[in-house]
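Chains, contacts and geometry: an overview
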Amino acid sequence: MSHATDTSVTSPKTLPFYRAIPGLVKDPVTELARMGVEARGQIVRLNLGPFRPYLISHPDHVEQVLKTDWSNFVRAGMFWRPLHRVTGQSILAEGEAWASARKILQPLFTPRYLNSLAEDMADVVADCMPELDEHARTGRLIDGGGHQMTAIVNEAVMKLLFGGRIPRETVDRLQPEIATCATSIHFRLIFPFAPYSIKVPGDRAFLRAVKRIDEIIYSLIEENSRAEAHRAEEPRKEIISALLTARKGQDGTVDVRQVRHDLVSMYGASSETTAMSLAWLWSVLHDRPDVNARLRDEIDRVVGGGPVRPEHVARMPYLRMVLQELLRVYPSAWIIPRQTVADTEIGGVRIKAGSQVLVSPYTTHRLPEFWERPLEFDPERWAGEKHQRRHRYSYVPFGTGPHVCLGQHLFYVEAPLVIANVMSRYRQVLTNPQKLTPVPGASVRPRESLWLRLEPRDRDARA
């Protein structure tokens, strides 16, 4: 497949207002992908009245915006305003706020450090299974992307990355508020030019959730600050201790507001991708019984009737292929907004300083110029050396360049442990199969709930 692009100066394809608005209102994620695919990955300018961003989906253009010329495309502008209202200036910001947060947090997300936690993470995930046993015993349904599954992800993250310094009851209060913020900014993301003096759908729920997040997080910081002050031994390596130490000024006082921004940002980065991937997985496995059967066979063969351990994960290549394909079809980051600092040119299109560009992994992953049968869920496309022959930037579920998501390595440690534990113990029966609608927010999630019935399996017989 050719990766070349026309370097002569040209004009982007412009979608008029009357064509752009209806689809974006009804199903914005799918509509953006359709626009990019119809344009064969070339730049599309969206006429949204007073706002005319550029849609970026060709891998060459993705590479330029996020990697080779990244300093000219910053995380600023009206698309970031809704998100920054909850995360503040931290790892998801720009400039010094981003650089300082990344310097503090990056050591906790390296592959080597996360692999050192894998044994403990396996224990935590296994310890969460008895909660699902009760649902399996009684036949009570669970929400495949809801509280029960998210609770397993959160438990592992909180005990290991946060050193168990966020109590379970606090996480149970925090998680739904974070979820509300992630979904209630839908309108603001689609119509970012809407003035904040006017209340739009989702605003009230968003502001209530932010207020509750502040109450929870500030109380948490205060409790941990007192504990840190009386700690005699060397603090263990985890996020809260790292932040309280790094954000302490010369006078000994901690920048509490900055720690709050850091904690909220990292909570999302460390749990959102895994939790949302599980929300899509059960529907995929129902629609593809062949994939489901092969994945279950691999888990049974490798794990048997015992607990899932980290060494099992390395021996389950098909599970990793399923996860890679899951992130291709349903990348958590549906758009990655950027604002140009200086006049520039992308793919022969001249773009002025201050313009908004929208990198769309959801679109890039569906371009038939780079993916055969792009709408088909096919883990085999990741077998052997097949994927190595593709354009390096045709697959960007975690972004790329200096702003690449810190949580990518955590995902490939945590997600396989959760899935292997669940599938080795239960048969998942989707009771309400249906076509899912991707809903934009801080990440892409299905609009519909998926209700699963867990049927216990005979682990001893398989062993």
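The sections below set out a description of the structure shown in this document. (Residues numbered from 1 in each chain as written. Predicted model: local features only at pLDDT ≥ 70, side-chain atom pairs only at ≥ 80, totals over all residues. Heavy atoms only, no water.)

Along the protein, the regular secondary structure elements total 19 helices and 13 strands. Across its three principal axes, the protein shows a C-alpha extent of roughly 65 × 60 × 40 Å. Evaluated residue by residue, the protein yields a buried proportion of 58% over its 463 residues. Element-wise, carbon and sulfur atoms account for 52% of the exposed surface of the protein, whose accessible area totals about 19,600 Å². Within the protein, the 54 negative side-chain charges are centred at a point lying 4 Å from the centre of the 61 positive side-chain charges. (Helix = DSSP H or I, 4+ residues; strand = E, 2+ residues; numbered from the N terminus. Buried < 20%, exposed > 50% of the residue type's maximum accessible area, 1.4 Å probe, protein only. Areas by Shrake-Rupley, 256 points an atom, 1.4 Å probe, with all protein chains shown as cover. Lys, Arg positive; Asp, Glu negative; His and termini not counted. Charge placed at Lys NZ, Arg CZ, Asp CG, Glu CD.)

Position of Ile56 among the secondary structure elements: in strand E3 (residues 54-56). Residues Ile56 and Arg45, spaced 11 residues apart in sequence, show a C-alpha to C-alpha distance of 9.2 Å. Leaving out residues up to four positions away in the same chain, Ile56 has contacts with Ile43, His61, Val62, Val65, Ile346, Val357, Leu358, Val359 and Ser360. (Contact = heavy atoms within 4.5 Å.)

By the definition in use, this model includes 12 aromatic pairs. Taking the centre distance of 6.0 Å and the plane angle of 80 degrees together, the rings of Phe191 and Phe193 count as edge-to-face. Accessibility expressed as a relative area gives 29% for Phe193, which makes it partly exposed. With centroids separated by 5.0 Å and ring planes inclined at 80 degrees, the aromatic side chains of Phe411 and Tyr412 adopt a geometry described as edge-to-face. (Phe/Tyr/Trp six-rings, centres within 6.5 Å; stacked < 30°, edge-to-face > 60°.)

Here we take up the sheet that holds strand E9 (residues 356-359). Ordered in space as E1-E2-E3-E9-E6-E4, the six strands form an open sheet in which the pairing is mixed. In this open sheet, the two edge strands, each paired with only one partner strand, are strand E1 (13-15) and strand E4 (73-74). Pairing of E4 with strand E6 (residues 336-340) involves two bridges; the strand directions are antiparallel. What sits directly across from Phe73, in E6, is Thr340. Of the strands in this sheet, E3, E4, E6 and E9 touch helix H3 (residues 59-68), which is tilted by about 120 degrees from E9. (Pairing = 2+ DSSP bridges. Axes fitted to C-alpha atoms, helices over the stretch in contact; angles between N-to-C directions.)

Taken together, the side chains of Arg81, Arg85, Lys199, Arg204 and Arg208 present a region of like positive charge at the surface. As for its position among the elements, Arg81 is in helix H4 (residues 81-87). For Arg81, a relative accessible area of 47% puts it in the partly exposed group. (Patch = residues over 30% accessible without salt bridge, like charges linked within 9 Å, V, L, I, M, F, W, Y side chains within 5 Å. Salt bridge = Lys/Arg side-chain N within 4 Å of Asp/Glu carboxyl O.)

Moving on, we come to the sheet that holds strand E10 (residues 426-430). Remark on secondary structure: sheet strands pair via backbone hydrogen bonds, oriented parallel or antiparallel. On the basis of which strands lie adjacent, the open sheet formed by three strands has the order E5-E13-E10 and antiparallel pairing. Looking along the sheet, the strands with just one partner apiece sit at the ends: strand E5 (142-143) and E10. By the bridge criterion, five bridges tie E10 to strand E13 (residues 451-456) in an arrangement that is antiparallel. Within the sheet, the bridge partner assigned to Gln428 lies in E13 and is Leu454. In the packing of helix H7 (residues 118-138) onto the sheet, contacts are made with E5, E10 and E13, and the angle to E10 comes to roughly 60 degrees.

Following the criterion strictly, the structure yields five cavities of 30 Å³ or more and no others. If you add up the space inside the largest cavity, you get close to 870 Å³. Broken down by secondary-structure element, the contributors of at least two residues to the lining of the largest cavity are H4, helix H5 (95-105), helix H9 (168-184), helix H13 (256-287) and E6. (1 Å grid on protein atoms, 1.4 Å probe; cavity = no way out; pocket = protein on both sides within 12 Å on 5 of 7 lines; lining within 4 Å. Points joined across faces, edges and corners; volume = space filled by probe spheres on them.)

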